[in-house]
Amino acid sequence: MHEMSLMESVIAIVCETARVNGASAIKSIRLDVGVLSHVNPDSLLFCYEAVRRGTIAEYAALEINRIAGEGWCLDCGETVTLDERFGACPDCGGHRVQMTAGDELKIKDMEVI
Ligand SMILES: [Zn+2]
């Protein structure tokens, strides 16, 4: 389950950031998770419960924002909505679509005490 290692990295980054800023605890963490990434939000939450124990993020609320998939269709010359990683263009049905959004997993922001 790669959500576990992802979550371990997230916790490591937020704890280090909080420490550098002299915070005593983390209140909340917000993540951007693209719908085209191979990350399951439910698994992320599950792993979060396990990973945060004993850290200063132990009582932090985790919020997951889903980012919609987007691609650039070379044939239409436009940004189009993508429902799957290598999906066809919804306008022309072509497959020359480059994914531009929806694959991310990043820490959007965090609140510390
Ligand atoms: Zn197109």
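Residues numbered from 1 in each chain as written. Predicted model: local features only at pLDDT ≥ 70, side-chain atom pairs only at ≥ 80, totals over all residues. Heavy atoms only, no water.

- As annotated in an unreviewed UniProt entry, the protein is Hydrogenase maturation factor HypA from Rhizobium calliandrae.
- Regarding the protein, the UniProt comment filed under Function (unreviewed entry) reads as follows: "Involved in the maturation of [NiFe] hydrogenases. Required for nickel insertion into the metal center of the hydrogenase."
- The heading Sequence similarities (unreviewed entry) in the UniProt record of the protein holds the text "Belongs to the HypA/HybF family." (UniProt positions renumbered as here; feature names shortened; annotations may be inferred.)

**Section: the overall build of the protein**
Step number 1: Check the secondary structure of the protein and you find two helices and six strands.
Step number 2: Its helices and strands in sequence order give the protein the pattern α-β-α-β-β-β-β-β, from N to C terminus.
Step number 3: Computed over C-alpha atoms, the radius of gyration of the protein comes to 17 Å, more than 25% over the 13 Å expected from 2.2 N^0.38 for 113 residues, which places it beyond the range of a compact globule.
Step number 4: When its C-alpha atoms are laid out on the principal axes, the protein stretches across 55 × 25 × 15 Å.
Step number 5: When the 113 residues of the protein are sorted by exposure, 34% land in the buried category.
Step number 6: Restricting the contact set of the protein to residue pairs at least 6 apart, pairs at least 24 apart contribute 71%.
Step number 7: Of the accessible surface of the protein, which amounts to about 6,600 Å², a share of 51% is contributed by carbon and sulfur atoms.
Step number 8: Distance from the positive charge centre (10 side chains) to the negative charge centre (18 side chains) of the protein: 6 Å. (Helix = DSSP H or I, 4+ residues; strand = E, 2+ residues; numbered from the N terminus. Rg over C-alpha atoms; globule rule 2.2 N^0.38 Å. Buried < 20%, exposed > 50% of the residue type's maximum accessible area, 1.4 Å probe, protein only. Contact = heavy atoms within 4.5 Å. Areas by Shrake-Rupley, 256 points an atom, 1.4 Å probe, with all protein chains shown as cover. Lys, Arg positive; Asp, Glu negative; His and termini not counted. Charge placed at Lys NZ, Arg CZ, Asp CG, Glu CD.)

**Quick look at the pairing of strand 2 (residues 61-67)**
In regular strands, side chains alternate between the two faces of the sheet.
Step number 1: In terms of strand pairing, strand 1 (residues 26-34) meets strand 2 through seven bridges, oriented parallel. The residue of strand 2 that forms the bridge with Arg30 is Glu63.
Step number 2: Handedness of the β-α-β unit built from strand 1, helix 2 (residues 41-51) and strand 2 comes out right-handed. (Pairing = 2+ DSSP bridges. Right-handed = clockwise from strand over helix to strand, strands pointing away.)

**Some points on the sheet that holds strand 6 (residues 105-112)**
Step number 1: Pairing is mixed across the open sheet formed by three strands, whose spatial order is 2-1-6. In the strand order of this sheet, the two ends are held by strand 2 and strand 6, each with one partner. Here the strands of the sheet are splayed against their neighbours by 20 degrees on average, with no regard to which way each runs.
Step number 2: Strand direction decides the pairing type here: strand 1 and strand 6, joined by seven bridges, are antiparallel. Looking across to strand 6, one finds that Ile29 is bridged to Met110.
Step number 3: Set on the sheet, helix 1 (residues 2-20) makes contact with strand 1, strand 2 and strand 6; between it and strand 6 the angle comes to about 40 degrees.
Step number 4: The strands touched by helix 2 are strand 1, strand 2 and strand 6; relative to strand 2, the strand with the most contacts, the crossing angle is about 160 degrees. (Axes fitted to C-alpha atoms, helices over the stretch in contact; angles between N-to-C directions.)

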